[in-house]
Structure formats: structure tokens, C-alpha cells
Amino acid sequence: MNAAIRQRAAELGFDDCRFTSAGAPASAGQFQHWLAQKNHGEMNWLERNAEKRADPQKVLPGAKSVICLATSYVTPEAGHAACGGKFAAQTHQGEIARYARFTDYHDVLGGRLKILTGFVNELGGAQSRSLWYVDTGPLLERDLAQRAGLGFVGKHTNVISRRLGNWIFLAEILTTLELTADAPEKNHCGNCTRCITACPTNAITAPFQLDARKCISYLTIELKGAIPVELRPAVGNRIFGCDDCLAVCPWNRFAREGRLMQPQARKDLKQPDLLELLQLDDAQFKTKFAGTPVLRTKRRGLLRNVCVALGNVGNISALPALEKAVHDPEPLIAEHARWAIDQITARS
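Residues numbered from 1 in each chain as written. Predicted model: local features only at pLDDT ≥ 70, side-chain atom pairs only at ≥ 80, totals over all residues. Heavy atoms only, no water.

(A) Focus on the environment of R266. Turning to its location among the elements, R266 is positioned in the loop between α10 (244-247) and α11 (274-278). Apart from the residues lying within four places of it in its own chain, the contact partners of R266 are R101, F102, T103, K288, A290 and T292. (Helix = DSSP H or I, 4+ residues; strand = E, 2+ residues; numbered from the N terminus. Contact = heavy atoms within 4.5 Å.)

(B) Spotlight on the nonpolar core. Membership of the largest hydrophobic core comes to 84 residues, with the highest contact counts inside it found for I67, L69, Y99, L109, L278, F289 and L322. Counting residues per element, this core draws most heavily on helix α13 (residues 298-313), which supplies eight residues. Among residues more than four places away in sequence, those in contact with L278 are L303, V306, C307, L310, A321, L322 and A325. Judged by nonpolar contacts, the second largest core, of 18 residues, contains L60, A63, I168 and L174. (Core = buried A, V, L, I, M, F, W, Y, C linked by side-chain atoms within 4.5 Å. Buried < 20%, exposed > 50% of the residue type's maximum accessible area, 1.4 Å probe, protein only.)

(C) Examining the packing of aromatic side chains more closely. Counting across every chain of the model gives 10 aromatic pairs. When the ring of Y99 is compared with that of F240, the centres are 6.2 Å apart and the planes differ by 50°; the resulting orientation is tilted. In this pair, Y99 is assigned in the loop between β3 (95-96) and α5 (105-124) and F240 in strand β10 (residues 238-240), connecting sequence segments 141 residues apart. The residues Y99 and F240 share a single accessibility class, namely buried. Considering the side-chain rings of F152 and W251, the 6.1 Å spacing of their centres and the 75° angle between planes classify their relative orientation as edge-to-face. Residue F152 is found in strand β5 (residues 152-153), and its partner W251 is found in the loop between α10 and α11; the two are separated by 99 residues along the sequence. For F152, a relative accessible area of 0% translates into the label buried. (Phe/Tyr/Trp six-rings, centres within 6.5 Å; stacked < 30°, edge-to-face > 60°.)

(D) Layout of the packing of α13 against helix α15 (residues 331-347). Where α13 meets α15, the axes come as close as 7 Å, and the angle between the chain directions of the two elements is 5°. Judged by the inter-axis angle, α13 sits roughly parallel to α15. Each of R299, R300, L303, R304, C307, V308, L310, G311, N312 and V313 in α13 lies in contact with α15, whose residues at this interface are L332, I333, H336, A337, W339, A340, Q343, I344 and R347. Looking at the contact of α13 with α15 residue by residue, the classes come out as 11 nonpolar, four polar and four charged. (Axes fitted to C-alpha atoms, helices over the stretch in contact; angles between N-to-C directions. Parallel < 35°, antiparallel > 145°, perpendicular 65-115°, else oblique. Nonpolar A, V, L, I, M, F, W, Y, C, P; charged D, E, K, R; others polar.)

Structure, rendered in C-alpha cells:
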């Protein structure tokens, strides 16, 4: 059955497919400790679903196996070191994390996972039950991916595939079908600490330990309120996510473009103009970012980030747009616009 599922997954465009048991993940205790330390910040759903994440049986009673899948979203420049707020100094160009420069991966992978899940249930017969997830299910998916041999959890806490690098989306199918488990992957980070050194905010507090409250991806996407003032300069020109720890990983020398995501690329999202973004009203924001992960931040979150980016890399030509943003009906945008004006004025 494994071979048939793996072949069908490849036909659907997935770049790797591995299998593991539906037993409790080994990192459940570490996850609970991480939550207790409040390292998850405002991501309260992680706490609400903690019990399920520690036991797949509470997600799908009778589950026996997990099918772990990977899809590459590597782009030609993705193997180079990230330069966050450095390359664009004084240029008014923003930076969006590479995974978000495509049609939303939840949609792209979701349709194919639905087909693959149907195939799995057909193999298992009428009594088979399966659930699929793309990043949204109550599973410790990185632990499962390593146990399935898909890759290993790196010191930056992301999964690294020796075949694909770390520019990958993960997905899972939890099933009552009993499948032969693949051998788990071992860690291959060695003495490398490039990802830890590269983090602009020191959010990777030790190997394999992340304080999400400092992570730029958290600050620009998950955090709903004001970005802490002391962290704003480190955000650079990033307006949605951060790639720095991923970009420096030496395993990316094996990365290759994924078949599934390549046609979904949104070239207009690679270094967008910050001043143009600052002019967007709510309808224009929804139109521009329709079908992309950027919608998650809503207009208020994205323009908050745009103001911070302009405060870091903008010049005096950005002041008129920022002065207009000071009067935005959304207080979050107005406050960050005032901060940006102060930063540019001080530099000038």
C-alpha cells in the first residue's frame, strides 16, 4: 500500500511522501514546557489544542498511521542568504517571506490532499477513516515528519530535508489504515549555528529553542497589536514574515523548485513598493492580496508593518504618505506611522 500511496502522491505533485505510526510524538513534553514558558505569545490556539497535539488518537480515534508529505516552494534566489532590511536601505521596497509569494498553499495543497485522502480510504475499504491537514491541524507535524524520515528538525526549529532543503510546506493525512512506517531521520545539523547567528532579533535562544515573541514572522503576522518599540529596528523592511534563518541553511544546496508551487508564483509580491501599499484602503488590500497568505494580517496589520519598514529604510520622500497615515481611522496604523516619521526625521 505504501508504494501505491507514494506513487499517487507524486502524481498529484508532492515532492516527498513518508509514513509513520500514529503514536504520541516524542516532543510532546518539550511542547508543553514551551507553552508553560509563554514562548507562544498570543497564539492561544496552540494552548487550547495542546492535549490533541500530544496524542493523535484524540484527533482521530483509531488512527494507526500518519502519511507525511512535503512540497518544495524554493525559488531561484532562495538558496542565497537573506538580507532582510539591508539590501533595500533608502529604497522603499518591502520584503515578503518567500512562502507567501504564491497562491495560498492551504488552497493549493488542500485540493490535492483531498484527492489523496480519498485514494487512501479506497485502499483501506469501507471502514477506513482519514483526516488531512495543511498546517492547521492539532498535530506536532515537525516531530511526525522527522519520525517518518521526511527530514529533521533543525536548530531553527523548522524541518530540513536532505533532498529538498528547508523551503518546504508540510502536510499530513491521519488514517486508520495500518501502513508500514519508514525509518526516522537523524539530525544532521552538526556544529552549524548559521541560523542562530542569522536571526535579527535573537529569537532562537538556543539550538532547537525559539521564543516566538521575538520572531519577526510572529511580530508581523501573528501579533495583532503594536510591535514592541525595541524590536522595530530589527524588522528592517520585512512586512510579512522573515526568511533569514531558512536562507542560511547549508542544506539548501540540495533544494529544487517544486512542481506544485512554481505555477502559483506571484511575482508582484517580490519586493513590493511600500508607499503604494500604504495607500491601500480595505477593498484595495483585499483585491491585491486575494488568495494569498498575506490576507491573514488584514489591512491594519500589513500597514502597521509597512510603517515600521518605512521607519527603518525610508527617506524624506516617504513623509507625506506617513503623515497621511497618521490620520488613518485605525489607531494601530496611526501610531506606527508616527514612529516611522520620528525615525526618518532623526536620520535626516
